[in-house]
Amino acid sequence: MRCEDYGFECEFILDEEKTVGLIEKLRAHFEEEHGIDYTIEAVTQMITNRGHSLESIRK
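Calculation criteria
Residues numbered from 1 in each chain as written. Predicted model: local features only at pLDDT ≥ 70, side-chain atom pairs only at ≥ 80, totals over all residues. Heavy atoms only, no water. Phe/Tyr/Trp six-rings, centres within 6.5 Å; stacked < 30°, edge-to-face > 60°. Helix = DSSP H or I, 4+ residues; strand = E, 2+ residues; numbered from the N terminus. Buried < 20%, exposed > 50% of the residue type's maximum accessible area, 1.4 Å probe, protein only.

The protein goes by DUF1059 domain-containing protein in an unreviewed UniProt entry, where it is assigned to Candidatus Nitrosopumilus salarius BD31.

> I keep staring at the packing of aromatic side chains and nothing clicks. Help me out?
Note on aromatic pairs: each is described by the distance of the centres and the angle between the planes. Under the definition given, this model contains 3 aromatic pairs. Seen in terms of ring centroids, Y6 and F30 are 6.3 Å apart; in terms of plane orientation they differ by 65°. Their pairing is edge-to-face. Taken as a pair, Y6 in the segment before α1 (20–34) and F30 in helix α1 lie far apart in primary sequence, 24 residues in all. Their ring planes at 75° and their centres at 5.4 Å tell us that F30 and Y38 sit as a pair that is edge-to-face. A relative accessible area of 0% means that F30 is categorised as buried.

> How should the environment of I40 be read in this particular structure?
By the element assignment, I40 lies in helix α2 (residues 40–49). By relative accessible area, which is 26% here, I40 ends up partly exposed. Sequence-wise, I40 and V20 are 20 residues apart; in three dimensions their C-alpha atoms are separated by 8.5 Å.

Structure below.
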């Protein structure tokens with residue numbers, strides 16, 4: 001997951017299996033680096049909007 005894929009001019013990359021933990025890391029990055037406090041649900045929706053299925057996100 002690349003931050004720039006979600007509309008930010010940022011080089012942050014998470015190269016891990018898609019899990020709830022990965023979503024939390026991405027959410028934390030958005031808050032800490034970009035000052036936007038998205039919910040887990042909002043970040044999950046952003047990921048699915050990029051073509052990833054909910055089923056591909058492991059619990």
